[in-house]
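Fold and geometry: a report
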Amino acid sequence: MSSGPGAASAPAPTAPTTPSGPRKSSMFSSLKVRNYRLFFLGQVVSNTGTWMQRIAQDWLVLSLTGSATAVGITTALQFLPMLLFGLYGGVLVDRLPKRRTLLFTQSAMAVTGIALAVLTLTGHVQVWHVYLAAFAVGLATVVDNPARQSFVSEMVGPDQLQNAVSLNSANFQSARLVGPAVAGLMITGVGTGWAFLANGLSFVAPIGGLLLMRARELYPVQRAPRGKGQLREGLRYVAGRPELIWTIVLAGFVSTFGFNFPVYLSAFADDVFHAGAGSYSLFNTLMAVGSLAGALLAARRGTARMRVLVAGAVAFGAMEIVAAFAPSLWLFALLMAPIGMFGMTVNVTANSSIQMSTDPAMRGRVMALYMMVFMGGAPLGAPIAGWITDAYGVRAGLAVGGAITAAAAVTVALALARVGGLRLSVGWNRGHPHVRFVPREQEQLAAAA
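Quantities reported herein were computed from a predicted structural model and do not represent experimental measurements.

Turning to the overall build of the protein chain, a few remarks are in order. Scanning the protein chain from terminus to terminus reveals 16 helices and 2 strands. Within the span of the protein chain, comprising 449 residues, buried residues form 48% of the whole. Long-range contacts, defined here as pairs at least 24 residues apart, represent 83% of the contacts in the protein chain between residues at least 6 apart. Carbon and sulfur atoms make up 67% of the accessible area of the protein chain, which totals about 20600 Å².

With that settled, the discussion passes to helix α6 (residues 192-202). Taken as a whole, α6 has its buried residues at Thr192, Gly193, Ala195, Phe196, Asn199, Gly200 and Ser202. Residues of α6 that are buried in the fold lie against α1 (34-65), α3 (98-121), α5 (161-189) and α7 (204-212).

This part is about the UniProt feature "transmembrane region" (unreviewed entry) in the protein chain. The feature "transmembrane region" (unreviewed entry), as given by UniProt, occupies residues 59-89, 194-213, 244-265, 277-299, 306-326, 332-354, 366-388 and 394-417 in the numbering adopted here. End C-alpha to end C-alpha, residues 244-265 measures 32 Å, and it is 91% helix and 0% strand. Here residues 394-417 is 100% helix and 0% strand, with 35 Å between the C-alpha atoms at its ends.

A few words on a nonpolar patch on the surface. Together, Leu80, Leu83, Leu84, Phe85, Tyr88 and Leu139 make up an exposed nonpolar region whose accessible area comes to about 530 Å². At 5 residues, helix α2 (residues 68-95) tops the list of elements feeding residues into the nonpolar patch. Mapped onto the elements, leucine 84 comes out in helix α2. Since its relative accessible area comes to 48%, leucine 84 is described here as partly exposed.

The next subject is the confidence of the model for the protein chain. Caution applies to low-pLDDT parts of the model: their predicted coordinates are not meant to be read in detail. Summarising the model, the protein chain shows a mean pLDDT of 81, and 85% of its residues fall at 70 or more. Confidence, expressed as mean pLDDT per element, reaches its minimum in the protein chain at helix α16 (residues 440-448) with 49 and its maximum at α7 with 95. Confidence over residues 1-23 falls short of pLDDT 50; this stretch has 39 contacts with residues more than four positions distant or in other chains. Segment residues 443-449 is flagged for pLDDT under 50; beyond a separation of four residues in sequence, or across chains, it makes 4 contacts in the model.

So, on to the packing of aromatic side chains. Counted under the stated rule, the structure contains 14 aromatic pairs. An angle of 80° between the planes, with centres 5.2 Å apart, marks the rings of phenylalanine 259 and phenylalanine 316 as edge-to-face. One end of the pair, phenylalanine 259, is in the loop between α9 (242-258) and α10 (261-272); the other, phenylalanine 316, is in helix α12 (residues 306-324), and 57 residues separate them in sequence. Judged by relative accessible area, phenylalanine 259 falls into the partly exposed class, the value being 23%. On the basis of relative accessible area, phenylalanine 316 is assigned to the buried category, the value being 0%. Arranged with centres 5.8 Å apart and planes meeting at 90°, the rings of phenylalanine 259 and phenylalanine 374 form a pair that is edge-to-face.

Further remarks concern the pattern of salt bridges. In this structure the tally under the stated criterion is 6 salt bridges. Among the ionic pairs, arginine 365 bridges to aspartate 94, the shortest N-O distance being 2.6 Å. Here aspartate 94 lies in helix α2 and arginine 365 lies in helix α14 (residues 363-392), a separation of 271 residues in the sequence. Arginine 365 sits in the buried class, given a relative accessible area of 5%. Among the salt bridges present, the one from arginine 365 reaches glutamate 233, with a minimum N-O distance of 3.4 Å. Placement of arginine 365 in helix α14 and of glutamate 233 in helix α8 (residues 230-239) is noted, with a sequence separation of 132 residues between them. Via salt bridges that share partners, Asp94, Glu233 and Arg365 belong to a single interconnected network.

Let's shift gears to the nonpolar core. Generally speaking, nonpolar side chains in soluble globular proteins are found buried as a group. Membership of the largest hydrophobic core comes to 53 residues, with the highest contact counts inside it found for Leu250, Phe283, Phe332, Met336, Ile339 and Tyr370. Residues in contact with leucine 250, not counting those within four places in the same chain, are Leu309, Ala313, Ala408, Ala409 and Val412. Listed in part, the 34 residues of the second largest apolar core include Phe39, Ala110, Leu210 and Ala298.

Our next topic: the packing of α1 against α7. Contact pair α1 / α7: the axes reach a minimum separation of 7 Å and the direction vectors enclose 170°. Judged by the angle between their axes, α1 and α7 are roughly antiparallel. Of the residues in α7, those in contact with Arg34, Leu38, Gly42, Gln43, Val45 and Ser46 of α1 are Ala205, Pro206, Gly209 and Leu212. Class assignment for the residues of the contact of α1 with α7 results in 5 nonpolar, 4 polar and 1 charged.

With that settled, the discussion passes to the packing of α1 against helix α4 (residues 127-156). Viewed as axis vectors pointing N to C, α1 and α4 meet at an angle of 160°, and their least axial separation amounts to 12 Å. Between α1 and α4, the crossing angle belongs to the class labelled roughly antiparallel. Between α1 and α4 lies a crossing whose hand is left-handed. Residues Asn35, Tyr36, Phe39, Gln43, Gln57, Leu60, Val61, Leu64 and Thr65 of α1 pack against Val127, Val130, Ala134, Arg148, Val152, Met155 and Val156 of α4.

Turning our attention to the environment of valine 419. Within the fold, valine 419 resides in helix α15 (residues 394-419). With 176 residues separating them along the chain, valine 419 and glutamate 243 place their C-alpha atoms 9.2 Å apart.

Three or more residues of α10 are buried, namely Phe261, Tyr264, Leu265, Ala267, Phe268 and Ala269. Positive phi appears at histidine 274, one or two residues downstream of α10, with a value of about 50°.

Along the chain, the position of phenylalanine 28 falls in the segment before α1. Among the residues examined, phenylalanine 28 registers a relative accessible area of 44% and is labelled partly exposed. Linking phenylalanine 28 and arginine 300, residues 272 residues apart in sequence, is a C-alpha distance of 8.0 Å. Residues in contact with phenylalanine 28, not counting those within four places in the same chain, are Asn163, Leu167 and Leu296.

Basis of the calculations
Residues numbered from 1 in each chain as written. Predicted model: local features only at pLDDT ≥ 70, side-chain atom pairs only at ≥ 80, totals over all residues. Heavy atoms only, no water. Helix = DSSP H or I, 4+ residues; strand = E, 2+ residues; numbered from the N terminus. Buried < 20%, exposed > 50% of the residue type's maximum accessible area, 1.4 Å probe, protein only. Contact = heavy atoms within 4.5 Å. Areas by Shrake-Rupley, 256 points an atom, 1.4 Å probe, with all protein chains shown as cover. UniProt positions renumbered as here; feature names shortened; annotations may be inferred. Patch = residues over 30% accessible without salt bridge, like charges linked within 9 Å, V, L, I, M, F, W, Y side chains within 5 Å. Salt bridge = Lys/Arg side-chain N within 4 Å of Asp/Glu carboxyl O. pLDDT = per-residue confidence, 0-100. Phe/Tyr/Trp six-rings, centres within 6.5 Å; stacked < 30°, edge-to-face > 60°. Core = buried A, V, L, I, M, F, W, Y, C linked by side-chain atoms within 4.5 Å. Axes fitted to C-alpha atoms, helices over the stretch in contact; angles between N-to-C directions. Parallel < 35°, antiparallel > 145°, perpendicular 65-115°, else oblique. Nonpolar A, V, L, I, M, F, W, Y, C, P; charged D, E, K, R; others polar. Left-handed = near helix turned anticlockwise from the far one by under 90°.

Structure, rendered in structure tokens:
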């Protein structure tokens, strides 16, 4: 496979083991890296196609069966492989060259979209075809997701990792705004099959970008050798690193109890404000706008700090509690933007801090564990959120979810502070309350003085 021409005078990058120090970067600084720019542009097209297929897939299943349960089965089949095989996907990613792995997974998802398009356009599609396609995409995602996450560091290096991860999230949120709208127009205008075809063809962009990359400009990463016990090795590695395990634990709590918006928003639109599907769409749109803003703001930060992660999770939970008791539709709708922004702050900061704290040889396994916990939280949390909503009302459900998220963030902060030998210091500074964590030795010296 050709890696494309490169300048003869361009030296291969040397990847430092740690970032040079905290610093702010411009919002789009990582796009100056040619390889990442090709990757980013390919993902713009592909993510839009993916959102189109999600909408078209649900609509097709509903039209074939008339059953919301069948739609739920389709979604479950797409996420089930990650829950079952996600950790093994991480082991494979650590062993394999990531660019070639992505070429294979992206091609597999393209073939799946095109096959579904042919079946739909020829009138032969049946619901089991959609089930099979959803499961096939899920299987490809088992390897594709950790490979894409960990490949970012190979393209940009540690100094630009935070910025690149943030821009990836902004990319995804932009597609979340555009893709469903385009899918709706295409489905009503020319039919569902053409939306599937558009998604299948959209993979030409990321595949082309991967082929055009210059291999010599990638940051070299030593791959894990093939051997027994690598899955257990990855789990032991995470268990021995408090900054990793507590970040993953917090992400799991946020995903499980805080991100159940399909349950909450539809109930608020229908049962609380009696406003119908238009308001449900408005809630989701404003949340996506807030998420996009949160991702772009995160792109300006040069490092991923644990205090930003904890503060973002606390603010996210607090805003959910406030929204739970919003008296009017418009106030509730406006609160969706900051909820989306703080939720994305948690997502981006957790993702980038885990990548920057992980040995490159372990990154695939660690990111697979993180994605399995983060993506697997929704199937576990949704029934709990639904039960609380049915039993006590949707306001109680959203408030409980926000309270658990905020409490988890505070608990993780205290646990990390204890591991790091820190203590909570509360005082006054120029007439204002001052709360921070300080080293135990510093507090003891201050008391002795």
